[in-house]
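The chain contents come next:
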Amino acid sequence: MPARRVLITGVGSYLGTLVAARLERDPEVEAVVGIDTRRPKTGLERTVVHDADIRDPEIARLIKAAAPDAVLHNKIVRQPGPGMSSRAMHDINVIGSLQLLAACERVPSIQSIVIRGSAGIYGAEPHAPQFLGEEMTRLFPLRTRFQRDVAEIENYFETFSRRRPQVTCTMLRYQPAIGPSLDTQITRYLSQAACPTYLGFDPRIQLVHEHDALEALLAAIRNPVRGAVNVAGRGTIGLGRMIRLAGRPPFPIAGPLFGPVTEAARRVGFGAYSDDFRRLLRYGRAVDIRRLEEEVGHEPRYSTVAAVQDWVARRSQARAA
């Protein structure tokens, strides 16, 4: 790979910081530039970090000055954080992506854009294929706001890619991530005193280990391919088995009562579940990762089962320490 200049949005996130740190150590990477409203989680030695919001048109000046040849868009919010409204989440995801693309239009040095997107675009459906391929996004309606946001983002990047065919846009569709360093809906769900489930349902769940989540990003930066690429560990795990591995009791709830019961539980300290996560707990989802392995060149180290087992083992070690 020739010397490169890489720009990262969302550099203050856990994965964003790790990507920057790894690129810093790559002698073939000439410069790393980060954009975020949050500071990186750990110290970065040669990454130039700009305190900026991707929704602000000002980022156009920063990106032009950075003159990157690769852009990693790592600023798509999966679930509103504390104090964040669903409207603010939509603005970051959709308006932020639009501003980023508008800025990239005016930077002729850009050769590739890698987007950390979501397999949530497929939804979670009772009659879905065993493994969803990248071409299957239109099999079912877009049922949640997050799905519609992700579809809108993908549409913007597809349009950009058609207008700028010299720029390779890689849309990485991530399954939910799990790992000892992550705080995600799935890790919070498995850390509760009991895990609510839909009565009569034991869906197949597919996850990606945090190690593979990072390595897939780095592989795509080094070897971008045009279009969508699913990112996950191999295979699936039944929800009931996953809960047992985590050492938690299931809490079966009849379908019509699941929303009201979990909302009441949230008010007394249990986790909050997005609409997408609730559907995942009911119907599950699995994706085909052949394109990730064969074209991008990343073979996951952890299967879905191994990722859950590693998370359980690391959590037990941390408690014993």
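Summary of the structure given here. Each chain has its residues counted from 1, following the order in which its sequence is written. The predicted nature of this model means local features are confined to residues of pLDDT at least 70 and side-chain atom pairs, given and counted, to a pLDDT of 80 or more, with totals for whole chains, interfaces and linings taken over all residues. Side-chain measures here rest on the full set of heavy atoms in the structure, leaving out hydrogens and waters.

**Quick word on the side chain of Asn-93**
Consideration 1: Working definition: helices are DSSP H or I runs of at least four residues, strands are E runs of at least two. Numbering for both runs from the N terminus. Mapped onto the elements of the fold, Asn-93 is located in helix α3 (residues 86-105).
Consideration 2: Other than its neighbours up to four places away in sequence, Asn-93 contacts Lys-75, Ile-76, Val-77, Phe-146, Asp-149 and Ile-153. We call two residues in contact when some of their heavy atoms are within 4.5 Å.

**What to know about the packing of helix α8 (residues 255-266) against helix α9 (residues 275-283)**
Helix packing geometry: the angle between the two helix axes and the distance between the axes.
Consideration 1: Between α8 and α9, the shortest axis-to-axis distance is 12 Å and the interhelical angle comes to 135°. Classified by the angle between their axes, α8 and α9 sit oblique to one another. Remark: the crossing between α8 and α9 carries right-handed chirality. Contacts from Gly-255, Phe-258, Gly-259, Thr-262 and Glu-263 of α8 reach α9 at Arg-278, Leu-281 and Arg-282.
Consideration 2: Its residues assigned to classes, the contact of α8 with α9 shows two nonpolar, three polar and three charged. Under this scheme, a helix contributes an axis fitted over its contacting stretch, all axes are lines through C-alpha atoms, and angles between N-to-C directions fall in the 0 to 180 degree range. Oblique is the label for any angle not under 35 degrees, not over 145, and not in the 65 to 115 range, which are roughly parallel, roughly antiparallel and roughly perpendicular in turn. For any helix crossing, the convention is left-handed if the near helix is rotated counterclockwise from the far helix by under a right angle, and right-handed if that rotation is clockwise. Amino acids are sorted into nonpolar (Ala, Val, Leu, Ile, Met, Phe, Trp, Tyr, Cys and Pro), charged (Asp, Glu, Lys and Arg) and polar (every other residue, Gly among them).

**Brief notes about unusual backbone geometry**
Consideration 1: A positive phi angle is found at Ala-67, which is not glycine, with a value near 50°.
Consideration 2: For Ala-67, the location among the structural elements is in the loop between α2 (59-66) and β4 (70-73).

**Description of the packing of aromatic side chains**
Consideration 1: Put simply, two rings from Phe, Tyr or Trp (the six-membered ring, in Trp's case) pair if the centres are within 6.5 Å, and we call them stacked under 30 degrees between planes, edge-to-face over 60, tilted for the rest. On inspection of all chains with the given rule, the structure shows seven aromatic pairs.
Consideration 2: Each ring, one from Tyr-189 and one from Tyr-273, has its centre 6.0 Å from the other, and the planes form 70°; the classification is edge-to-face. With Tyr-189 in helix α5 (residues 185-190) and Tyr-273 in the loop between α8 and α9, the pair connects residues that are 84 residues apart, well separated along the chain. Across this residue pair, the class does not change: Tyr-189 and Tyr-273 are buried.
Consideration 3: Put simply, the rings of Tyr-189, Tyr-198, Phe-201, Phe-258, Tyr-273, Phe-277 and Tyr-283 touch in pairs and so form one group of aromatic residues.
Consideration 4: Whether a charge lies above a ring is judged from NZ of Lys or CZ of Arg, which has to be within 6 Å of the ring centre and within 35 degrees of the ring normal. For Arg-116, the ring lying beneath its charged end belongs to Tyr-174, and the centroid distance is 5.9 Å. Relative accessible area decides the class of each residue, using a 1.4 Å probe on protein chains only: under 20% of the type maximum gives buried, over 50% gives exposed, and in between gives partly exposed.

**Regarding the sheet that holds strand β11 (residues 227-231)**
Consideration 1: Ordered by their spatial adjacency, seven strands build an open sheet running β3-β2-β1-β4-β5-β6-β11, and the pairing between neighbours is parallel. The open sheet has two free edges, formed respectively by β3 (47-51) and β11, since each of these has just one partner strand. Between one strand axis and the next, the sheet turns through 20° on average, direction left out of account.
Consideration 2: One ladder, built from six bridges, connects strand β1 (residues 4-9) with strand β2 (residues 29-36); its direction is parallel. When the bridges of β2 are listed, Arg-5 appears paired with Ala-31.
Consideration 3: Its contacts with the sheet place helix α1 (residues 14-24) against β1, β2, β3, β4 and β5 (112-118), and it is angled at close to 170° to β1. Strand pairing is assigned whenever DSSP identifies at least 2 bridges connecting the two strands.

**Brief notes about the environment of Glu-299**
Consideration 1: Checked against the element boundaries, Glu-299 lands in the loop between α10 (290-296) and α11 (304-320).
Consideration 2: Through-space distance from the C-alpha of Glu-299 to that of Ala-216 is 8.5 Å; in sequence the pair is 83 residues apart.
Consideration 3: Excluding anything up to four places from it in sequence, Glu-299 contacts Asp-212, Arg-234 and Glu-293.

**Describing the environment of Gly-133**
Consideration 1: Note on placement: Gly-133 falls in the loop between β5 and α4 (145-163).
Consideration 2: The exposure class of Gly-133 is buried, given its relative accessible area of 7%.
Consideration 3: In sequence terms Gly-133 and Arg-173 are 40 residues apart; their C-alpha atoms lie 11 Å from each other.
Consideration 4: Those residues in contact with Gly-133, other than ones at most four positions away along the chain, are Tyr-122, Asn-230 and Asp-288.

**Considering α4**
Consideration 1: Here a helix's expected span is defined as the number of its residues, less one, multiplied by 1.5 Å. Helix length check: α4, at 19 residues, gives a terminal C-alpha distance of 27 Å against a target of 27 Å (1.5 Å per residue), a fit within 8%.
Consideration 2: Buried positions along α4 lie against β4, α3, β5, β6 (168-174) and α9.

**Regarding the layout of surface pockets**
Consideration 1: Cavity: a set of points on a 1 Å grid over the protein atoms alone where a 1.4 Å probe fits but cannot get out. Pocket: an open set with protein on both sides within 12 Å along at least five of seven lines, its lining residues, like those of a cavity, having an atom within 4 Å of a point. Grid points are joined across faces, edges and corners, and a volume is the space filled by probe spheres set on the points. By volume, the largest pocket is sized at about 1,300 Å³.
Consideration 2: Lining the largest pocket are 42 residues, and of these Arg-78, Gln-79, Asp-183, Thr-184 and Gln-185 sit closest to its centre.
Consideration 3: Secondary structure elements with two or more residues in the lining of the largest pocket: α1, β5, α4, α5 and α9.
Consideration 4: By residue number, the principal contributor to the lining of the largest pocket is α9, which donates four residues.
Consideration 5: Considering only residue class, the lining of the largest pocket consists of 19 nonpolar, 13 polar and 10 charged.
Consideration 6: For the second largest pocket, the calculated volume is near 330 Å³.
Consideration 7: Together, 15 residues line the second largest pocket, and Pro-80, Ser-86, Met-89, Ser-274 and Asp-275 are the ones closest to its centre.
Consideration 8: If you list the elements that add at least two residues to the lining of the second largest pocket, you get α3, α4 and α9.

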